[in-house]
Number of protein chains: 2
Amino acid sequence: MSLTFDWKEDRNLSLLVDFYELTMANGYFKNGVGEKIAYFDMYFRRVPDNGGYCIVAGLQQLIEYLKNLKFSDDDIEFLKSKNIFNEEFINYLKNFKFTCDVYAIKEGTPVFPNEPLLVVRGPIMQAQFIETMVLLTINHQTLIATKANRIVRAAEGRTVLEFGSRRAQGYDGAIFGARAAYIGGCNATACTIAEKQFGIPAVGTMAHSWVQLFDSELEAFRAWARTYPENCLLLVDTYNVLKSGVPNAIKVFNEELLPRGIRPKGIRIDSGDIKYLTEKARKMLDEAGYPDCQIIVSNSLDEYIIKDVLRQGAKIDGFGVGERLITAKSEPVFGGVYKLVAVEDNGKIVPKIKISENEEKITNPGFKQIYRLFDKETNKAIADLITFHDEVIDEDKPLEIFDPIFTWKQKTVTNFYARPLLTKIFDKGDLVYTSPSVNEIRSYAQSELNTLWEEILRFENPHRYYVDLSTKVWGLKQRLLNEYTKNYK
Amino acid sequence: MSLTFDWKEDRNLSLLVDFYELTMANGYFKNGVGEKIAYFDMYFRRVPDNGGYCIVAGLQQLIEYLKNLKFSDDDIEFLKSKNIFNEEFINYLKNFKFTCDVYAIKEGTPVFPNEPLLVVRGPIMQAQFIETMVLLTINHQTLIATKANRIVRAAEGRTVLEFGSRRAQGYDGAIFGARAAYIGGCNATACTIAEKQFGIPAVGTMAHSWVQLFDSELEAFRAWARTYPENCLLLVDTYNVLKSGVPNAIKVFNEELLPRGIRPKGIRIDSGDIKYLTEKARKMLDEAGYPDCQIIVSNSLDEYIIKDVLRQGAKIDGFGVGERLITAKSEPVFGGVYKLVAVEDNGKIVPKIKISENEEKITNPGFKQIYRLFDKETNKAIADLITFHDEVIDEDKPLEIFDPIFTWKQKTVTNFYARPLLTKIFDKGDLVYTSPSVNEIRSYAQSELNTLWEEILRFENPHRYYVDLSTKVWGLKQRLLNEYTKNYK
């Protein structure tokens, strides 16, 4: 029995697929089109919480899944028992080897609606099969990284600690949620295993039960200060913050730390009115000679509450943010989709489109690249341009871009440079990319955010960042739309 | 390299703990109180979505975690590297053996605010350590089972399929979410691995990409009907539901199935106005001789939309419910808490209370049992009564119960029987309970729901089910509240 947790090695999620991916794969196989080359785009349609951008995350976990994708004897037995799959298809799965090309936008990049975060090219049987895991992985971590970044922005430079494990939606929700929250800008997590796995600093001190276990709050604080003199952060709201918690904390700081020349770390308040209590507590700590003693607050916080209490002048040095971060409570779904955009016929790329009665569900056809255009002078991002994969952008010429729906909204971009966003991750199934560490991803996210105009970073009613189609992509889309719809007038 | 997924054996989640559980455990150890016997209650404070009850779930996964709880060499190395833990404490973890008693309400039981779903009795070091996993496991699955049950109720006997894996919050969110949704009453899932692991029926047919891959919708439908004649459910909204999808489906039913005497399974609509499209599609199918052809709808459904379109007369046989079920979107957090309620001093139970400036955060002290009182005539549940663990209920005498806050609200219960809800799961660390299968849990949940009055099952403004304290528990709580608060007037 192995108790070492290494999910990429030991954990078989090969059948974490929607069942239709299997019925389709088997169907493609049986109809002799399983090896047909197909192109899928993964993209999303809107930013949660009406924000201006998302932070993409989860690529590393997706890579680990794809790199190790194969089917165990158990899996094969299970599939046989369903009695609907072709024997040759089952054999194909037995000897499965992943051979797709995968292109992706790097983790930590700010991304926008309708641009592919991931492009998969390969035999339709395979490219279709991985749909659920692509979506599940990227949707989850992008959701949490984006939410975390909102909360971190609201805290305006103060510490933000991710405290949500106990209210996460499942174990991975806690672990990969902690990872995504850190990428989004949190300073640390309470989730211990996230430090072991990813090197994200794990922090924590005491719960109310510590205080309750001792005969008095004072005794409980004393025991803590003696056990962790260098890490003395006391939870002061078990009985009464201002009449018991803070006075007892000061008493213990004076008796246990002061004589040894150690400064206290702080106090934590987990209930009651944050604004009132922190103002009073700050005053008491300052007057007792502890202006450096931090005040950490927790209790169902999110970016809205944080902005509001800071606006009111609450005296806070750090926030412990739990359930509303780890579940992205205000909008807990990231609606990424995975759509067929092209197939190959005799080596030629044939673009595909999905029409829909809901306009926003219509896809952008073709095998594509995205260029982010930056102003040469300010290094600020101007717009993203979705092109075909082989279009070349001439940085020396003015570039005309236009809104793909309101085409009269046009802009001539000059003095710019263009950076492709989609990087090759797998080449015919071979991994050709090395994931950075979470610390590198976190720093990269911060520096990329600095390329966005403030108007995009605004919480309420942010400016919509331009994501335009090249003339070629736009033209093709119009042509396909007209072709299909003329039949259904 | 093991590719067999058996998380209870292969997956080490021992360090999926809030870091404070480690600092506290180490602190208890160092202060010589680590072996002190403590009692913790896990309970919740309100029902999500303003519903009348929750369905508790997740116990089986918690059992598997606790049964296998130990620390790998990796874990130990990691903890040493933090340089804050006592060497003897590390050694204690090296030789860790779980020795707590655990009592729990059985999975599938309807439960109510403020009653313990789980009681843990054991050395404080251990009972505290498992806090995060207790909460994470029970919170997540109870949330989803409860949400699923709302959706199933809204569907009024129609099929409900759980389709949410791609939008779940992490892999476990999908897998254990599928389990909880099934316990809550869903008929099947799209999540294949959930069938392999739990025997929950996995279903699915085709995505839009199947239709797009072929040269025409008609060809795509034909290929499907030939591949899966017995399971012919066609997705009809890739181009145009009424002008293309349904007519093509009928054509293929006529050409491919009718001559072979096979009835079609159905059609699925994933976009557009459900009410309008299903009414029209139903008429077309009926007129073509397929009144038995089912209409399945999907596209961001939940109990609110389902109730609304059914009220409008939409013609629907089944619902595929995705993101709003698997994330419990309308209220994605289940706020279970884990609180110290007693300790033992020389074998005597000393109750503990946590005061709070937020009244609802005040705990019920003591080692407790819960009795559900049923009417002997109707077998309907009358109230739950929280007692001390050793209180005896005399079913032959009238029982006075009263609201613990508005104590003038009283009721005399007669002609009743009382069933204890907390069952022993672990006895000094030994598992003494056998988890039923998910099918058994699902049936049990249904039969238990039948004991609730309709007033409790209502969606809007349901009647509040009585959860009362025994006179003894109530009296103790008042005494402790008065004792503590007199100091802070």
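Per an unreviewed UniProt entry, chain A goes by the name Nicotinate phosphoribosyltransferase and belongs to Caloramator proteoclasticus DSM 10124. Regarding chain A, the relevant UniProt record gives this comment under Catalytic activity (unreviewed entry): "5-phospho-alpha-D-ribose 1-diphosphate + nicotinate + ATP + H2O = nicotinate beta-D-ribonucleotide + ADP + phosphate + diphosphate".

**Q** Go over the sheet that holds strand β10 (residues 294-297) of chain B with me, naming the residues and quoting the values.
**A** Residues and elements named next belong to chain B. If you walk across this open sheet you meet the 6 strands as β7-β6-β11-β10-β9-β8, and the pairing is parallel. Edge positions in the open sheet fall to β7 (188-189) and β8 (233-235), since each of these has one partner strand only. This element, helix α12 (residues 241-257), spans β8 and β9 (266-269) of the sheet and lies at about 160° to β9.

**Q** A description of the UniProt feature "domain: Nicotinate phosphoribosyltransferase N-terminal" (unreviewed entry) in chain A should follow, citing residues and the corresponding values.
**A** If you check UniProt for "domain: Nicotinate phosphoribosyltransferase N-terminal" (unreviewed entry), the listed places come out as residues 15-139 of chain A in our numbering. Spanning residues 15-139 of chain A, this segment combines 42% helix with 18% strand, and its end C-alpha atoms are found 18 Å apart.

**Q** Describe in detail the pattern of salt bridges, supporting the description with residues and values.
**A** Pairing between side chains of opposite charge can happen when the charged atoms of each approach one another. Counting across every chain of the model gives 74 salt bridges over all chains. Between B:Glu195 and A:Lys82 there is a salt bridge, with the nearest N and O atoms lying 2.8 Å from each other. Separated into two different chains, B:Glu195 in helix α9 (residues 192-198) and A:Lys82 in the loop between α4 (73-81) and α5 (87-94) make up a pair that spans both. A salt bridge links A:Asp172 to B:Arg11; the shortest N-O distance between them is 3.1 Å. Of this pair, A:Asp172 sits in helix α8 (residues 171-183) while B:Arg11 sits in the loop between α1 (7-10) and α2 (19-30), which puts the two residues in different chains.

**Q** How would you explain the environment of A:Ala178 if you had to name every residue and give the values?
**A** All names here are of chain A. Positionally, Ala178 belongs in helix α8. Between the C-alpha atoms of Ala178 and Cys191, which are 13 residues apart in sequence, the distance is 6.9 Å. Sequence-distant contacts of Ala178, that is, excluding residues within four places in its chain, are made with Glu162, Gly173, Thr189, Cys191, Ala194, Ile200 and Ile326.

**Q** Before we move on, can you summarise the nonpolar core with the specific residues and values?
**A** Formed by 340 residues in total, the largest nonpolar core has its most connected members in A:Ile267 and B:Ile267. Of the residues that make up this core, three or more belong to each of domain 1 (7-144 + 332-488) and domain 2 (155-326) of chain A. Among residues more than four places away in sequence, those in contact with A:Ile267 are A:Leu233, A:Leu234, A:Val236, A:Val246, A:Ala249, A:Phe253, A:Ala281, A:Leu285, A:Cys293, A:Gln294, A:Ile295 and A:Ile296.

**Q** Residue-level account of the environment of A:Arg226, with values.
**A** In this fold, A:Arg226 is placed in helix α11 (residues 217-227). With sequence-adjacent residues up to four places away left out, A:Arg226 is seen in contact with A:Glu256 and B:Lys30. In this structure the side chain of A:Arg226 is engaged in a polar contact, spanning 3.0 Å, whose partner is the side chain of A:Glu256.

**Q** Hey, could you go over the UniProt feature "domain: Nicotinate phosphoribosyltransferase C-terminal" (unreviewed entry) in chain A for me, with residue numbers and the actual values?
**A** Under the local residue numbering, the UniProt record ascribes the feature "domain: Nicotinate phosphoribosyltransferase C-terminal" (unreviewed entry) to residues 368-477 of chain A. End C-alpha to end C-alpha, residues 368-477 of chain A measures 13 Å, and it is 21% helix and 37% strand.

**Q** Describe in detail the relation of the copies chain A and chain B, supporting the description with residues and values.
**A** Rotating chain A by 180° about the axis while translating it 0.0 Å along that axis superimposes it on chain B, leaving an RMSD of 0.0 Å. Taken together, the turn and the small shift mark the pair as related by a two-fold rotation axis.

**Q** Which residues make up the sheet that holds strand β18 (residues 416-420) of chain B, and what values go with them?
**A** Residues and elements named next belong to chain B. Overall, mixed pairing links the 4 strands, which are arranged β18-β14-β15-β21 in an open sheet. One side of each edge strand has no neighbouring strand; the edge strands of this open sheet are β18 and β21 (466-469). Shown here is a sheet whose adjacent strand axes are inclined to one another by a mean of 25°, direction ignored. As paired elements, strand β15 (residues 381-388) and β21 share 4 bridges and run parallel to each other. For Ile386, the partnering residue across the bridge sits in β21 and is Leu469. Along the sheet, helix α18 (residues 471-485) contacts β14 (368-375), β15 and β21; its crossing angle with β15, the most-contacted strand, is approximately 55°.

**Q** A description of α12(B) should follow, citing residues and the corresponding values.
**A** Residue and element names in this part refer to chain B. Spanning 17 residues, α12 covers only 21 Å between terminal C-alpha atoms, well under the ideal 24 Å at 1.5 Å per step. Where burial is concerned, most of α12 is hidden: 12 out of the 17 residues are buried. When we look at burial in α12, the residues that qualify are Val241, Leu242, Ser244, Gly245, Val246, Asn248, Ala249, Ile250, Val252, Phe253, Glu256 and Leu257. Buried residues in α12 make contact with α11 (217-227), β8, β9 and α13 (274-287).

**Q** Any details on the packing of helix α7 (residues 131-154) of chain B against helix α8 (residues 171-183) of chain B? Residues and values, ideally.
**A** Residue and element names in this part refer to chain B. Direction vectors running N to C along α7 and α8 enclose 50°, while the axes themselves pass 8 Å from each other. Regarding the angle of α7 to α8, the classification is oblique. As α7 packs across α8, the resulting crossing turns out to be right-handed. Residues His140, Gln141, Ile144, Ala145 and Ala148 of α7 form the contact with α8, whose own contacting residues are Asp172, Gly173, Phe176, Gly177, Arg179, Ala180 and Ala181. For the contact of α7 with α8, the residue count by class is 6 nonpolar, 4 polar and 2 charged.

**Q** Can you break down the packing of aromatic side chains residue by residue, with the values?
**A** Scanning the model with the defined rule gives 48 aromatic pairs over all chains in all. Taken together, a centroid distance of 5.9 Å and an interplanar angle of 75° make the contact between A:Tyr171 and B:Phe176 edge-to-face. Separated into two different chains, A:Tyr171 in helix α8 and B:Phe176 in helix α8 make up a pair that spans both. Summarising the burial analysis for this pair, A:Tyr171 and B:Phe176 share the class buried. Between B:Phe71 and B:Phe129 the ring centres are 5.5 Å apart and the planes differ by 75°, which places this aromatic pair in the edge-to-face class. Placement of B:Phe71 in the loop between α3 (59-67) and α4 (73-81) and of B:Phe129 in helix α6 (residues 124-129) is noted, with a sequence separation of 58 residues between them.

**Q** Lay out the interface of chain A and chain B with the relevant residues and their values.
**A** Listed per partner, the contact involves 121 residues of chain A and 121 residues of chain B. For the chain A and chain B pair, buried surface summed over both sides reaches about 10,800 Å², with 57% attributable to carbon and sulfur atoms. If you sort the residues of chain A by the area they bury against chain B, A:Arg166, A:Gln169 and A:Tyr171 come out on top, with a joint share of 9%. Where chain A meets chain B, there are 12 salt bridges. Connecting chain A to chain B are 61 residue pairs in polar contact (both at pLDDT 80 or more).

**Q** Can you tell me about α4(B), naming the residues and giving the values?
**A** Buried residues of α4(B): B:Asp75, B:Ile76, B:Phe78 and B:Leu79, and no others. Seen from one end, α4(B) has its buried residues packed into an arc of 160°, which puts them on one side. Buried residues in α4(B) make contact with α9 (192-198) of chain A together with α2 and α5 (87-94) of chain B. Looking one or two residues past α4(B), B:Asn83 carries a phi angle of roughly 60°, positive in sign.

Rules behind the numbers
Residues numbered from 1 in each chain as written. Chains lettered and ligands numbered in written order. Predicted model: local features only at pLDDT ≥ 70, side-chain atom pairs only at ≥ 80, totals over all residues. Heavy atoms only, no water. UniProt positions renumbered as here; feature names shortened; annotations may be inferred. Pairing = 2+ DSSP bridges. Helix = DSSP H or I, 4+ residues; strand = E, 2+ residues; numbered from the N terminus. Contact = heavy atoms within 4.5 Å. Axes fitted to C-alpha atoms, helices over the stretch in contact; angles between N-to-C directions. Salt bridge = Lys/Arg side-chain N within 4 Å of Asp/Glu carboxyl O. Core = buried A, V, L, I, M, F, W, Y, C linked by side-chain atoms within 4.5 Å. Buried < 20%, exposed > 50% of the residue type's maximum accessible area, 1.4 Å probe, protein only. Domains from an automatic or database assignment. Polar contact = N/O pair within 3.5 Å; in protein donor to acceptor, adjacent residues only side chain to side chain. Least-squares fit on C-alpha atoms with pLDDT ≥ 70 in both. Expected span 1.5 Å × (residues − 1). Parallel < 35°, antiparallel > 145°, perpendicular 65-115°, else oblique. Left-handed = near helix turned anticlockwise from the far one by under 90°. Nonpolar A, V, L, I, M, F, W, Y, C, P; charged D, E, K, R; others polar. Phe/Tyr/Trp six-rings, centres within 6.5 Å; stacked < 30°, edge-to-face > 60°. Buried area = accessible area lost by both parts, 1.4 Å probe. Arc of directions from axis to C-beta.

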